[in-house]
Amino acid sequence: MLNHCIHGGKLYQFIGDDFRGLSNIYSTVAADVLDAWYPPSPNVLSKLQENLSWGSRTSPPLVANGLRRAIAETFVIPEDQIVMGNGSSDLIFRLLPSIFLSHHPVIIPAPSYGEYAHVLSDLCGKKIFHFPTYETAFQLDVDALIELFEAARFGGLVLVNPCNPTGQYLKREELIAILDAVDNRFPVLIDETYFAYLPRDCSMESEINEYENLYIFRSLSKIYGLSGMRIGYALVPAKMSNYYRARTPPYTVATLSQVAAIEALKDDAYTRSMIAETRMRRNNLHKDLLRFDQLTIIGSEINSLLVDLENADVSADIFVHAMAKKGVLVRNISSQGNRYPDRFVRISVMDYDDNLRIVQAIREVLGER
Ligand SMILES: Cc1ncc(COP(=O)(O)O)c(C=O)c1O
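Residues numbered from 1 in each chain as written. Predicted model: local features only at pLDDT ≥ 70, side-chain atom pairs only at ≥ 80, totals over all residues.

Participant: Looking at this structure, I do not really get the pairing of strand β6 (residues 188-191). What am I missing?
Facilitator: Within a regular strand, side chains alternate between the sheet's two faces. On β6, burial covers both faces: Val188 and Ile190 on one face and Leu189 and Asp191 on the other are all buried. Of the crossover connections in this fold, the one passing from strand β5 (residues 156-160) over helix α7 (residues 172-182) to the parallel β6 is right-handed. Here β6 pairs with strand β7 (residues 214-219) via four bridges, running parallel. Opposite Ile190, over in β7, you have Ile216 as the bridge partner. (Buried ≥ 20, exposed ≤ 12 C-beta atoms within 10 Å, placed from the backbone. Helix = DSSP H or I, 4+ residues; strand = E, 2+ residues; numbered from the N terminus. Right-handed = clockwise from strand over helix to strand, strands pointing away. Pairing = 2+ DSSP bridges.)

Participant: Could you clarify how one ought to interpret the domain arrangement of the protein in this entry?
Facilitator: The accessible area lost on association of the parts is a frequent measure of interface size. In terms of domain boundaries, the protein breaks down into domain 1 (11-30 + 269-367) and domain 2 (59-267). Look at where the C-alpha atoms of domain 1 and domain 2 centre, and you get two points 26 Å apart. Only α10 (268-290) and β10 (304-308) provide two or more residues apiece to the side of domain 1 that touches domain 2. Broken down by element, the residue count for the side of domain 1 that touches domain 2 peaks at four residues, all from α10. (Domains from an automatic or database assignment.)

Participant: Got a minute to help me understand unusual backbone geometry in this structure?
Facilitator: Most peptide bonds are trans, and most residues other than glycine sit at a negative phi. For the bond from Asn161 to Pro162, the omega torsion is -5 degrees, close enough to zero to count as cis. With respect to the helices, strands and loops of the structure, Pro162 is situated in the loop between β5 and α7. Here the residue pair Asn164 and Pro165 is connected by a cis peptide bond, since its omega of 20 degrees sits within 30 degrees of zero. Along the chain, Pro165 turns up in the loop between β5 and α7. At Ala64, a position not held by glycine, the phi torsion is positive, near 55 degrees. Mapped onto the secondary structure, Ala64 falls in the loop between α2 (42-57) and α3 (65-75). By C-beta crowding, Ala64 is classed as buried, having 27 other C-beta atoms within 10 Å. Its identity is not glycine, yet Ala137 carries a phi of approximately 50 degrees, on the positive side.

Participant: I keep staring at the sheet that holds β7 and nothing clicks. Help me out?
Facilitator: Each strand in a sheet pairs with another by means of backbone hydrogen bonds, the pair being arranged parallel or else antiparallel. Strand order in the open sheet formed by seven strands is β2-β8-β7-β6-β5-β3-β4, and the pairing between neighbours is mixed. Lying at the two open borders of the sheet, with one neighbouring strand each, are β2 (82-85) and β4 (128-132). Across this sheet, the average inter-strand angle for adjacent strands is 20 degrees, counted without regard to direction. Two elements, strand β3 (residues 106-110) and β5, share two bridges in a ladder whose sense is parallel. Across the sheet, residue Val106 finds its bridge partner in β5, namely Gly156. (Axes fitted to C-alpha atoms, helices over the stretch in contact; angles between N-to-C directions.)

What follows is the structure in structure tokens.
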């Protein structure tokens, strides 16, 4: 049997993976994935519409050099060290096996985005040390993590900052303390997919040449409303740049995706306003969910909330199924990490009407019990 990581994204069970039931997108609330609730910038959409025919039939710039330049200029990072991917998922599968070479365990906080443990453990046969955050309200205990480096030998560290699914984050000084403590002993990979939800100084992109063992993965999916376009990049150590760029297939990012990404990066005002609006919607959804006595809501910095069902007398699995019957998809996170009871669900922030539907569906599901 093919071994895959468990994901959200049950939407295609409703619309069909041949897109036959596309009209169902309006009757289903896909709050089980962290795709943006908002559309790409209007400038992206008009550029795509103008170039749909040409962009569909024309091969893209071979290695997306224009897009790499735009990324380098936007985030003030070295262009030479940018490796493009067909979404950051592509980079996780393609780069991880050659980043983490040691046979010592790789530390991954738990819960955390599942693909890292999947690729390293299931596909590369590495041992994973799941560093628990459940006992510390999902906030990573940085001192305990640093103590751990001294207690045993490790082959790497993967951090997702801010973290999916917990919504918690590490501040700049905490990240620097971790990188200093690791002291180049093993590779440190920081996934910054949700970077725009944090103050800019929490990004370690500016430190890429301060630490020889630092890798940063970024996706353009969630922040720019471009999940369907599949664009991600890795910022790699200078000494590894030629190695990874040589192993990037030609045309890895589609023509229309390159066009969209370059336009999206230019429209910073739009991105900022959508992030601000998402924060406001998240805070409103949080307030609405606090009205349910049976639920404990974990505050979050990203476009989702984690909900603890311990006092709701329902397992996460049953809750997710009951919500799906009402057309609202939410995510059971018990598979993300190794010690999570069937108790936590992640609910994505959606647009105004869909957030109301989420609240209404929860009211019905809890009321039915
Ligand atoms: C933390 C994290 N990293 C990477 C990805 C993959 O993103 P992409 O769409 O770029 O493949 C996701 C998607 O949910 C994510 O949450």
